[in-house]
Amino acid sequence: MSQPAPLVHSTASTPTALTSSFKEVVLPQILGIHPYVPGKPISELQRELGLTRITKLASNENPLGASPKVLEAIHQALVDIARYPDGSAYELKTELAHFLKCQTNQLVIGNGSNELLELVARAFAGPGDEIVYSQYAFAVYPISAQVVGATGVEVTAKNWGHDLDAMANAITAKTKVVYLANPNNPTGTLFNRQAWEAFISRVPAHVIVVLDEAYVEYAQAAVNAQDYLNGMAYINAHPNVLVSRTFSKAYGLASLRVGYMAGTPEIIGYLNQLRAPFNINQLAQVAAVAALKDAEFVQKGVALNQQGMQQIITALNELNIESIASVANFLCINLGEKAAKINQMLLQKGVIVRPVANYGLTQFLRVSIGTHAENAHFIEALRASLQEQQA
Ligand SMILES: Cc1ncc(COP(=O)(O)O)c(C=O)c1O
């Protein structure tokens, strides 16, 4: 029998310059990027330490998982995975427009809201331009500025959160985009409607303001309606405002990667032009549609979060440990100089939290709120680590 022909014919000789560098040709801004550091996966800690009981409270995920209705919808859609997804995400956008009370041409869907945050920088900024964000704000903002070669302008935080007055002052003729996280990750702080209205009235109409509301469902339940800022109420009166939200947190779809932005049809149109043709896979689309229809599941998760937050704060009070007041599904706790050491000790005990030294918060660890049992595991491991530390 003859041998099958090789699929690829190569006429190239063996490369000789294996040590050659592409530093001269890569875009200069790429060299300076410090990539986003995600939470440690459970499987990694399992491989490293062979532990059987692991609690991950490091990525602000939904401890309840996803709604059973979502799982059912995904199951039914599996039969079609050989087909390309609906590139326009028609059904999801229709459902979302209904939910948000806006038009479908005011929505762009992203592979996680992360993709959209970056797309805004790509669409509006480049070398010589400035992108403004707060100290301690979500790490993707400075990265987005760097990726496009724009200058990131970090504005000093006030009480661990956004100083909107100072941010408005930081806007110059070069400013193209301002990123705001409300609530902010990793500090969990929130600015209110009055502060926002004073801020937006000072922003020039051509400067894009991204209001990142990744944790909106938790925040809404934590503050009174009077002060609460819902970004969606501003997109018609302020065409430079984009509201960013996600299915990764309260809806429990983090691994499927679905987020969206709402804004004026013109800007949304540019972002739709820029995104990849099939950026949202079909299972993610059907899952997001089903998730939107299960408001009860979201409410259950929000209520669990409130109880869990209380459970952890009570334990921290007993341990005499301070934290930054948070309206989201996570909490930054102050462990002083011991923070990095305690993080290692927690890992040894099977608890993964998030170090936030990369934000300049070297004394803090961020813990996501989990189920009652997961929170209890964290508290028990923290208490034991603090005791060992003192011994
Ligand atoms: C403030 C904020 N914005 C956006 C995101 C991105 O979420 P995703 O890309 O999963 O939608 C996160 C995730 O942690 C976040 O904390």
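Scroll up to find the structure.
Residues take numbers from 1 onward in each chain, read along the sequence in its written order. Since the coordinates come from a predicted model, pLDDT governs what is reported: local features require at least 70, and pairs of side-chain atoms require 80 or more to be given and counted, while whole-chain, interface and lining totals use all residues. Side-chain numbers come from the whole structure's heavy atoms, not from hydrogens or water.

Novice: Please clarify how unusual backbone geometry should be interpreted in this entry.
Specialist: The phi angle of most residues is negative, glycine excepted, and most peptide bonds adopt the trans form. Of note, the amide linkage connecting Asn-182 to Pro-183 takes the cis form, showing an omega dihedral of 0°. Put simply, Asn-185 and Pro-186 share a cis peptide bond, and its omega is 15°. Each helix is a run of DSSP H or I of at least 4 residues and each strand a run of E of at least 2, with the numbering of both proceeding from the N terminus. Turning to its location among the elements, Pro-186 is positioned in the loop between strand S5 (175-181) and helix H8 (193-200). Of note, the phi angle at Asn-159 is positive, near 50°, even though the residue is not glycine. The topology assignment puts Asn-159 in the loop between strand S4 (151-155) and helix H7 (164-169). Partly exposed residues are those whose accessible area sits between 20% and 50% of the maximum for their type, while under 20% is buried and over 50% is exposed, using a 1.4 Å probe and protein chains only. By relative accessible area, Asn-159 is classed as exposed at 66%.

Novice: So what exactly am I meant to see when it comes to the sheet that holds strand S2 (residues 107-110) here?
Specialist: Two strands in a sheet stick together by hydrogen bonds in their backbones, pointing the same way (parallel) or opposite ways (antiparallel). Following DSSP output, two strands are said to pair if at least two bridges run between them. The strand order across the open sheet built from seven strands is S2-S8-S7-S6-S5-S3-S4, with neighbouring strands paired in mixed fashion. Edge positions in the open sheet fall to S2 and S4, since each of these has one partner strand only. The average undirected angle you get between the axes of adjacent strands in this sheet is 20°. Any two residues whose heavy atoms approach within 4.5 Å are treated as being in contact. For every element, the axis is a line fit to its C-alpha atoms; helices are fit only across the contacting stretch, and the angle between N-to-C directions ranges from 0 to 180 degrees. Running over the sheet, helix H6 (residues 140-147) touches strand S3 (130-134), S4, S5 and strand S6 (208-212) and is turned about 160° from S5. Strand contacts of helix H10 (residues 265-274): S2, S6, strand S7 (241-246) and strand S8 (259-262), with the helix running at about 30° to S2, the strand carrying the most contacts.

Novice: Sorry, what's going on with the nonpolar core here?
Specialist: As a rule of thumb, soluble globular proteins bury nonpolar side chains together. Each nonpolar core is a collection of buried residues, namely Ala, Val, Leu, Ile, Met, Phe, Trp, Tyr and Cys, held together in the definition by side-chain atoms within 4.5 Å. If you look at the biggest cluster of nonpolar residues, it comprises 60 residues, and the most contacted ones within it are Leu-180, Trp-196, Phe-199, Phe-247 and Leu-253. If you tally residues by element for this core, the top one is helix H11 (residues 282-293), at eight residues. Domain boundaries shown here were taken from an automatic or database domain assignment. Counting the residues that make up this core, at least three belong to each of domain 1 (37-64 + 296-390) and domain 2 (68-293). One finds Leu-116, Ile-208, Ile-267 and Val-356 within the second-largest nonpolar core, a separate group that totals 35 residues.

Novice: Is there a simple way to explain helix H14 (residues 372-390) in this structure?
Specialist: Because each turn of an α-helix spans 3.6 residues, side chains separated by three or four positions end up pointing in the same direction. Taking 1.5 Å per residue, 19 residues should reach 27 Å; H14 reaches 27 Å between its end C-alpha atoms and fits that length. Restricting attention to buried positions, one finds in H14 the residues Asn-375, His-377, Phe-378, Ile-379, Ala-381, Leu-382, Ser-385 and Leu-386. Lining the buried residues of H14 we find strand S1 (55-56), helix H12 (295-318), strand S9 (330-334), helix H13 (339-348), strand S10 (351-352) and strand S12 (364-368). Each helix should span, by expectation, one fewer than its residue count multiplied by 1.5 Å.

Novice: Is there a simple way to explain the sheet that holds S9 in this structure?
Specialist: Read from one edge of the open sheet, three strands run S9-S12-S11, paired in antiparallel fashion. A strand with exactly one partner marks an edge of an open sheet, and here the two such strands are S9 and strand S11 (354-355). Sheet contacts for H13: S11 and S12; angle to S12, the most-contacted strand, approximately 40°.

Novice: Would you take a moment to explain the side chain of Asn-62 for this structure?
Specialist: Inspection of the secondary structure puts Asn-62 in the loop between S1 and helix H3 (68-77). With a relative accessible area of 10%, Asn-62 lands in the buried category. Polar contacts involving the side chain of Asn-62 include one to the main-chain amide nitrogen of Leu-64, which spans 2.9 Å. Setting aside chain neighbours within four positions, we find Asn-62 in contact with Lys-249, Ala-250, Tyr-251, Gly-252 and Phe-297. Whenever two N or O atoms come within 3.5 Å, that pair is a polar contact, provided that in protein one can donate a hydrogen and the other can accept it, and provided that, for residues adjacent in sequence, both atoms are side-chain atoms.

Novice: I keep staring at the environment of Lys-249 and nothing clicks. Help me out?
Specialist: Relative to the elements of secondary structure, Lys-249 occurs in the loop between S7 and S8. Residues Lys-249 and Gly-65, 184 residues apart in the sequence, show an inter-C-alpha distance of 9.7 Å. Leave out the neighbours within four places in its chain, and Lys-249 touches Ser-59, Asn-60, Asn-62, Ala-214, Tyr-215 and Tyr-218. Of note is the side chain of Lys-249, whose polar atom sits 3.4 Å from the backbone oxygen of Ser-59.

Novice: In this structure, what is going on with the side chain of Arg-275? I would like to understand it.
Specialist: The residue Arg-275 is located in the loop between H10 and H11 in this model. This count recognises Lys and Arg as positive and Asp and Glu as negative, with His and chain-terminal groups excluded. For this analysis, a salt bridge means a side-chain nitrogen from Lys or Arg found within 4 Å of a carboxyl oxygen belonging to Asp or Glu. One buried charged residue, Arg-275, remains without a salt bridge, the closest side chain of opposite sign being Glu-115 at 7.2 Å. In this structure the side chain of Arg-275 is engaged in a polar contact, spanning 3.3 Å, whose partner is the side chain of Asn-279. Apart from the residues lying within four places of it in its own chain, the contact partners of Arg-275 are Gly-87, Ser-88, Val-108, Ile-109, Glu-115 and Leu-119.

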